[in-house]
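# Understanding the architecture of this molecule
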Amino acid sequence: MKILITGGAGYIGSTIASALEDAGHTPVILDSLITGRKEFIRDRIFYHADIADRAMVRKLFSEHPDIEATIHCAALIVVPDSVSRPYDYYTENVVKSMTFFKLLSEINYPKLVFSSSAAIYDAVPGFMVTEESPLRPLSPYSRSKFMMEMILRDFCVAYNLQGIALRYFNPIGADPQMRTGLHIRYPSHLIGKLVQVALGHEPVFYLTGVDWPTRDGSAIRDYLHVWDLAQAHVAAIEKFDQVIANGREDDINYTVINLGTGTGVTVKEFIEDFEKVYGAKILVVEQPPRPGDVVGAYANADKAYRLLGWKTKLSIADGISDALKWGRVRDTIIHYLSVKMC
Ligand SMILES: NC(=O)c1ccc[n+]([C@@H]2O[C@H](COP(=O)([O-])OP(=O)(O)OC[C@H]3O[C@@H](n4cnc5c(N)ncnc54)[C@H](O)[C@@H]3O)[C@@H](O)[C@H]2O)c1
């Protein structure tokens, strides 16, 4: 099958592209490279354009009329940035996605898989969430994901779209073959920061938020290997019609699926796992939470198994080990421009 991936030059989109290729499919990449990496496009079919560039999207589909579905990963994703730049986040993630979805419906390419986020869940007792658990997005980033879920659902009612919203928990690791991985030069989130410290690029790890109501005070997450996450997309694409038929509710061709391991791990527990794989201690300094941080949740992943036949296969240790491996090879694959500070 030929599949369009928006944001296919990013961390997750490029991993999905590799997983689709390995399964015999052909990805077509649409990416503005606003944050993504041209090195991750490899020899794939590539359109260097914005998702809201209607003329270019039309051209892409006229040149590849055999595209069978779209995976929409393109977005801005940094939570604290979204707090200081909400206009940009709502423009990129909501306004442009809406323009793109409307065009897909107009040109009759209705099958859409949307990258959503577990960041939209409210904190619940015990921290395990099903797809029906209450939502309470707390940052402009997570609100943009929440809004796009609502908009996609409404478009599935009013237009001809069929949508699968995949709520990702916390992806870690890299493509096990080291084709792609986390590309942000100075990452702001847990695993990226830990790798920076382990490789000696940063002296200390700042553990933000230690007074949450969890078993050890640090936030709780559900860390899944990005390769497992990518495999869930392969399943969603290959079983698309079945997933919609079995997952739709209220006669609407739309369904939401959690993608996580089903196990909650606190940040402190994750650091211990990291130290075991890395083989040494990490210097940790505790700090208050960052703007937009949340206590977190872990997935009830039953629906993913029921609809996609998917569950995670790789462990946290695999994810950490691949993240460390990627950290060591990253700069031989990505050619960063040096920025001189004045
Ligand atoms: N990384 C995570 O922890 C995580 C967790 C939950 C959900 N998600 C979602 O997964 C998706 C992919 O995230 P990622 O970690 O790969 O991020 P990323 O920044 O690596 O990739 C995003 C890609 O989208 C592209 N892009 C952004 N705006 C665009 C536009 N208007 N037009 C065309 N291309 C555009 C960027 O250039 C980049 O290549 C996002 O939608 C994100 O919200 C990520």
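Residues numbered from 1 in each chain as written. Predicted model: local features only at pLDDT ≥ 70, side-chain atom pairs only at ≥ 80, totals over all residues. Heavy atoms only, no water.

### Points about the nonpolar core
Counting residues in each nonpolar core, the largest one holds 49 residues, and the members touching the most others are Ile16, Ile257, Leu259 and Leu308. Ranked by the residues each element gives to this core, the list is headed by helix H7 (residues 226-238), at nine residues. Excluding anything up to four places from it in sequence, Leu308 contacts Ala232, Ala235, Ala236, Lys239, Val243, Ile257, Leu259 and Lys303. Ranked by size, the runner-up nonpolar core spans 30 residues in total, among them Ala74, Val94, Leu103 and Tyr109. (Core = buried A, V, L, I, M, F, W, Y, C linked by side-chain atoms within 4.5 Å. Buried < 20%, exposed > 50% of the residue type's maximum accessible area, 1.4 Å probe, protein only. Helix = DSSP H or I, 4+ residues; strand = E, 2+ residues; numbered from the N terminus. Contact = heavy atoms within 4.5 Å.)

### A short note on the packing of aromatic side chains
Counted by the stated rule, this structure contains eight aromatic pairs. Here the aromatic rings of Phe274 and Tyr278 are separated by 6.1 Å at their centres, their planes lie at 40°, and the arrangement is tilted. Remark: Tyr278 and Phe274 occur in helix H9 (residues 267-278); sequence separation between them is four residues, near one turn of the helix. Given a relative accessible area of 0%, Phe274 falls into the buried group. Cluster of aromatic residues (ring-pair linked, three or more members): Phe100, Phe101 and Phe114. The ring of Tyr159 carries the charged tip of Lys102 above its face, separated from the ring centre by 5.0 Å. For the cation-ring pair, Lys311 lies above Tyr305, with the distance from its terminal atom to the ring centre recorded as 5.3 Å. (Phe/Tyr/Trp six-rings, centres within 6.5 Å; stacked < 30°, edge-to-face > 60°. Lys NZ or Arg CZ within 6 Å of the ring centre and 35° of its normal.)

### Description of the site of the ligand
Around the ligand, 29 residues are found, and the nearest of them are Ile12, Asp31, Tyr141, Lys145 and His183. One nitrogen or oxygen atom from the main chain of Thr35 is found 3.1 Å from an oxygen atom belonging to the ligand. The backbone of Cys73 places a nitrogen or oxygen atom 2.8 Å from an oxygen atom of the ligand. Against a free-state accessible area of 830 Å², the protein chains account for coverage of 94% of the ligand. Within the residue set of the shell around the ligand, elements represented by two or more residues are helix H1 (11-22), helix H4 (86-106), strand E5 (111-117) and helix H5 (140-158). Broken down by element, the shell around the ligand gets its largest block of residues, three residues, from E5. Looking at side-chain class alone, the shell around the ligand contains 15 nonpolar, nine polar and five charged residues. (Near = heavy atom within 4 Å. Polar contact = N/O pair within 3.5 Å; in protein donor to acceptor, adjacent residues only side chain to side chain. Areas by Shrake-Rupley, 256 points an atom, 1.4 Å probe, with all protein chains shown as cover. Nonpolar A, V, L, I, M, F, W, Y, C, P; charged D, E, K, R; others polar.)

### Overview of the pattern of salt bridges
If charged atoms from side chains of opposite charge come close, those side chains can pair. Taken as a whole and judged by the stated rule, the model has 26 salt bridges. Linking Glu92 and Lys96 is a salt bridge whose minimum nitrogen-to-oxygen distance equals 3.0 Å. Taken together, the residues span about one helical turn, with Glu92 and Lys96 both in helix H4 at a distance of four residues. Given the relative accessible area of 16%, Lys96 is considered buried. Taken together, the shared-partner salt bridges connect Arg54, Arg58, Lys102 and Glu106 into one network. (Salt bridge = Lys/Arg side-chain N within 4 Å of Asp/Glu carboxyl O.)

### A few points about the packing of helix H2 (residues 54-63) against H4
It is the contact of H2 with H4, at a shortest axis distance of 11 Å, that shows an interaxial angle of 40°. Taken together, the axes of H2 and H4 are oblique relative to one another. Two packed elements cross with a definite hand, and for H2 against H4 that hand is right-handed. For the pair H2 and H4, contact is made by Arg54, Val57, Arg58 and Phe61 and by Thr99, Phe100, Leu103, Leu104 and Glu106, respectively. (Axes fitted to C-alpha atoms, helices over the stretch in contact; angles between N-to-C directions. Parallel < 35°, antiparallel > 145°, perpendicular 65-115°, else oblique. Left-handed = near helix turned anticlockwise from the far one by under 90°.)

### Digging into the pairing of strand E1 (residues 2-6)
A regular strand places its side chains so that they alternate between the two faces of the sheet. Burial within E1 is extensive, with five of its five residues counted as buried. Residue alternation in E1 divides its side chains into two sets, Lys2, Leu4 and Thr6 and Ile3 and Ile5, and both sets are buried. Relative to strand E2 (residues 26-31), E1 runs parallel, the two being bridged by five bridges. Following the sheet pairing, Thr6 is matched in E2 by Leu30. Pairing between E1 and strand E4 (residues 67-72): five bridges, direction parallel. Across the sheet, the residue bridging to Lys2 is Ile67, located in E4. (Pairing = 2+ DSSP bridges.)

Take it as geometry only, folks, not as evidence of what the structure does.
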